[in-house]
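One-letter residues, chain by chain:
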Amino acid sequence: MEYTEIMVRYGELSTKGKNIKDFINRLGSNTMRALHDFPEVHVYPKRDRMHVVLNGTDPEPIMKRLKLIFGIQTFSPVVQLRKEIDAVYAAAIEMMQEQVKPGMTFKVSTKRSDKEFSMDTNAINREVGSAVYEAFPDLTVDVKNPDIEILVDVRQNGIFISCETIKGAGGFPVGTAGKGMMMLSGGIDSPVAAYLGMKRGVDMEMIHFFSPPYTTEQALAKSKQLTEVLSQSVGAIKFIQIPFTEIQETIKEKVPEGYLMTVQRRLMLRLSVAMAEKRGGMAIFNGEALGQVASQTMESMMAINDVTTMPVIRPVVSMDKTEIIKVAEEIGTFDLSIMPFEDCCTIFAPPSPKTRPNLEKARQFEELIDVEGLMERALAATKIVTIKPGENYLNPDEDIFAELL
Ligand code: ATP
Ligand code: MG
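Residues numbered from 1 in each chain as written. Chains lettered and ligands numbered in written order. Predicted model: local features only at pLDDT ≥ 70, side-chain atom pairs only at ≥ 80, totals over all residues. Heavy atoms only, no water.

## With respect to the site of ligand 1
Contacts to ligand 1 come from 21 residues, most closely from M183, S185, D189, S190 and Q292. Within the backbone of I188, one N or O atom sits 2.9 Å away from an oxygen atom of ligand 1. At 2.7 Å from an oxygen atom of ligand 1 is found a main-chain nitrogen or oxygen belonging to S190. Contact with the protein chains hides 91% of the accessible area of ligand 1, taken as 580 Å² for the molecule alone. Mapped by element, the contributors of at least two residues to the shell around ligand 1 are α5 (189–199), β11 (202–210), α8 (260–279) and α12 (344–348). (Near = heavy atom within 4 Å. Polar contact = N/O pair within 3.5 Å; in protein donor to acceptor, adjacent residues only side chain to side chain. Areas by Shrake-Rupley, 256 points an atom, 1.4 Å probe, with all protein chains shown as cover. Helix = DSSP H or I, 4+ residues; strand = E, 2+ residues; numbered from the N terminus.)

## What about the sheet that holds strand β15 (residues 383–387)?
Strand pairing in a sheet relies on backbone hydrogen bonds. The paired strands run either parallel or antiparallel. Spatial strand order, β14-β13-β10-β11-β12-β15: six strands in an open sheet with mixed pairing. On the outer flanks of this sheet lie β14 (312–313) and β15, each paired with one strand and no other. Sheet topology note: the strand β12 (residues 237–243)/β15 ladder contains five bridges and is antiparallel. Considered in β15, the bridge of F239 is made with V385. Its contacts with the sheet place α5 against β10 (178–183), β11, β12 and β13 (284–285), and it is angled at close to 160° to β11. (Pairing = 2+ DSSP bridges. Contact = heavy atoms within 4.5 Å. Axes fitted to C-alpha atoms, helices over the stretch in contact; angles between N-to-C directions.)

## Considerations on the nonpolar core
Counting residues in hydrophobic clusters, the biggest one holds 51 residues, and the most contacted among them are L66 and I161. Of all the elements, helix α3 (residues 85–97) adds the most residues to this core, at eight residues. Excluding anything up to four places from it in sequence, L66 contacts I6, V8, T31, L35, V52, I72 and F75. Formed by 34 residues, the second largest nonpolar core is a distinct cluster that contains I207, V273, I284 and F365. (Core = buried A, V, L, I, M, F, W, Y, C linked by side-chain atoms within 4.5 Å. Buried < 20%, exposed > 50% of the residue type's maximum accessible area, 1.4 Å probe, protein only.)

## Notes on the domain arrangement of the chain
Domain annotation for the chain reports domain 1 (5–167) and domain 2 (179–400). Taking only C-alpha atoms, the centre of domain 1 and the centre of domain 2 are 42 Å apart. At the junction of the two partners, domain 1 supplies five residues and domain 2 supplies eight residues. Together, the buried faces of domain 1 and domain 2 total about 740 Å²; carbon and sulfur atoms form 58% of this surface. Across the contact surface, domain 1 and domain 2 share zero salt bridges. For the interface between domain 1 and domain 2, the tally reads two residue pairs in polar contact (both at pLDDT 80 or more). (Domains from an automatic or database assignment. Buried area = accessible area lost by both parts, 1.4 Å probe. Salt bridge = Lys/Arg side-chain N within 4 Å of Asp/Glu carboxyl O.)

## Topic: the layout of surface pockets
Once rolled over the atoms, a probe with the size of a water molecule shows which space is left empty. Looking at the second largest pocket, its volume works out to about 300 Å³. Surrounding the second largest pocket, 13 residues form its lining, L68, Y195, V327, E330 and I331 being those nearest its centre. Broken down by secondary-structure element, the contributors of at least two residues to the lining of the second largest pocket are α5, α6 (217–231) and α10 (321–331). Residues that form the lining of the second largest pocket fall into these classes: seven nonpolar, three polar and three charged. (1 Å grid on protein atoms, 1.4 Å probe; cavity = no way out; pocket = protein on both sides within 12 Å on 5 of 7 lines; lining within 4 Å. Points joined across faces, edges and corners; volume = space filled by probe spheres on them. Nonpolar A, V, L, I, M, F, W, Y, C, P; charged D, E, K, R; others polar.)

## Here we look at the packing of α8 against helix α13 (residues 359–366)
The N-to-C vectors of α8 and α13 enclose an angle of 75°; their axes lie 10 Å apart at closest approach. Overall, the two elements α8 and α13 adopt an arrangement that is roughly perpendicular. For the pair formed by α8 and α13, the contact residues are T262, V263, R266, L267 and R270 on the first element and L359, A362, R363, F365 and E366 on the second. Classifying every residue of the contact of α8 with α13 by side-chain character gives five nonpolar, one polar and four charged. (Parallel < 35°, antiparallel > 145°, perpendicular 65-115°, else oblique.)

Below, the structure is given as structure tokens:
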């Protein structure tokens, strides 16, 4: 079947009242960006639907990308026909051929914006229905809950027909909720948290702390590769790498062992907030889940969160590890996340961190280090790169990867 366009439905967008225009425009530009390497494809975001016109491009890779774009509820590959009813019969039968299984039910739904067309919607439903039924006598009609719905749309510039509805990623177009800073480690949880935040429309920038020589180039590359996976939903993501070595060494030297973790986290959060303020971020996101590890008790959150009034959003806070893993597998981050590279916290993790750190003590112990100077130097040495779909940061030729794969 030679599809001419993909028709995109908005879903949750439609309930957004007067903001709908911003939402649609944002979805349009996100889609154009995600499809930028298909120059023949044109995107037309309209009020009720978005039309992705293929101009001869293979629909398969396009649909694969569309599946990842937030704000798309469902989409259908569509064929544009000349305005003759015989062409509709033939196309309906050809499309059904690809989908029909014994015992399935179907219905035809027609929309007609061209009122001049010789047949009305009821007649089209009836006639296309009987043409299909004649070709596949095994099918039955079910107008309430059919397995296959053949959609016929009679417009000025042709008749458009489709019979397949594919589920999109849902959520809101990235950018409609404003900018957020994601604290991205190389673990399982934070990429999932990033995905969930992006799904609600947050334009996410990744912040990653690394501690050379205690952490390797591969650990940094892994976080970048995780960002590459997430960038497939938006076209590009900023990756901010903040050196954390001096801070960790200083904390290790000055702060009692039970509070190493808490004070490190306070510094991470301080730096993330500083970055947000600089770059127009409105909230910090992290991958904390309540009770998962020592630093993720409510007492610990209180002792860490103390450094800022900026919202700290934890999208996976109440999820079980198994639930988080399930999402990680679905979005394609799991296999990367479990690659065994030490991240900066694992190496400096005390053998027995306080599970219930005391807020006052955390403040006092932090005073043992030069917070301002350390932050200034870390921020001055920060690097920001843009990560795009298809980029490769993990070098598969290296022995270590050959072993892992
Ligand atoms: P994850 O699977 O996301 O690493 P985790 O269960 O291992 O989470 P922690 O290591 O305690 O938990 O980290 C809690 C959160 O702190 C992470 O989800 C992440 O948001 C942030 N974080 C930890 N290490 C880093 C890092 N090196 N760079 C940026 N953020 C980090
Ligand atoms: Mg971790």
